[in-house]
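Topology and contacts: notes
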Amino acid sequence: VIHIEGSTEENTWYIKVTDNGSGFDPEKLKALESTLASIVPEKSLPELQIDGMGLINLYIRLKLAYREEAVFKIRNLPDGGTEVTIGGIISEDKHYGDE
């Protein structure tokens, strides 16, 4: 079961996706977090593989669009499943691809 929730808080939009699956293998989640931490979209992009590519692609796009204001959180839920939260600042001055 997948649950999708959208919200805003102050000047930030959020989309939270949760599921009731088995969650990420802790080692794979740690490796994904390490890969995400090393990405600097404006300078170098990682070699993408099928496993986790969608999340990395999403992370890169958020960072390009919102830079430091990008929100990207992923975690395993205590009772099983995974939660991914993305978001960014709401501003008429910031548009995807602007310098």
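Refer to the structure presented above.
Predicted model, so just to flag it, every value in this text is computed and none were measured.

1. Thoughts on the packing of aromatic side chains
- Summed over the entire model, instances satisfying the criterion amount to two aromatic pairs.
- Judged by centre distance (5.9 Å) and plane angle (65°), the rings of W13 and Y66 are edge-to-face. One end of the pair, W13, is in strand β2 (residues 12–19); the other, Y66, is in helix α2 (residues 53–66), and 53 residues separate them in sequence.
- On the accessibility criterion, Y66 (19% relative accessible area) is buried.
- Ring geometry for Y59 against F72: centres 5.4 Å apart, planes inclined by 80°, an arrangement best described as edge-to-face. A residue pair is termed long-range when its members are at least 10 positions apart, and Y59 in helix α2 and F72 in strand β3 (residues 71–76) qualify at 13 residues. Of the two residues examined, Y59 and F72, each falls in the buried class.

2. Let's talk about unusual backbone geometry
- One non-glycine residue, E10, lies in the positive phi region at around 55°.
- Non-glycine residue R67 carries a positive phi angle of around 45°.
- Structurally, the position occupied by R67 is in the loop between α2 and β3.

Rules used in this analysis
Residues numbered from 1 in each chain as written. Predicted model: local features only at pLDDT ≥ 70, side-chain atom pairs only at ≥ 80, totals over all residues. Heavy atoms only, no water. Phe/Tyr/Trp six-rings, centres within 6.5 Å; stacked < 30°, edge-to-face > 60°. Helix = DSSP H or I, 4+ residues; strand = E, 2+ residues; numbered from the N terminus. Buried < 20%, exposed > 50% of the residue type's maximum accessible area, 1.4 Å probe, protein only.

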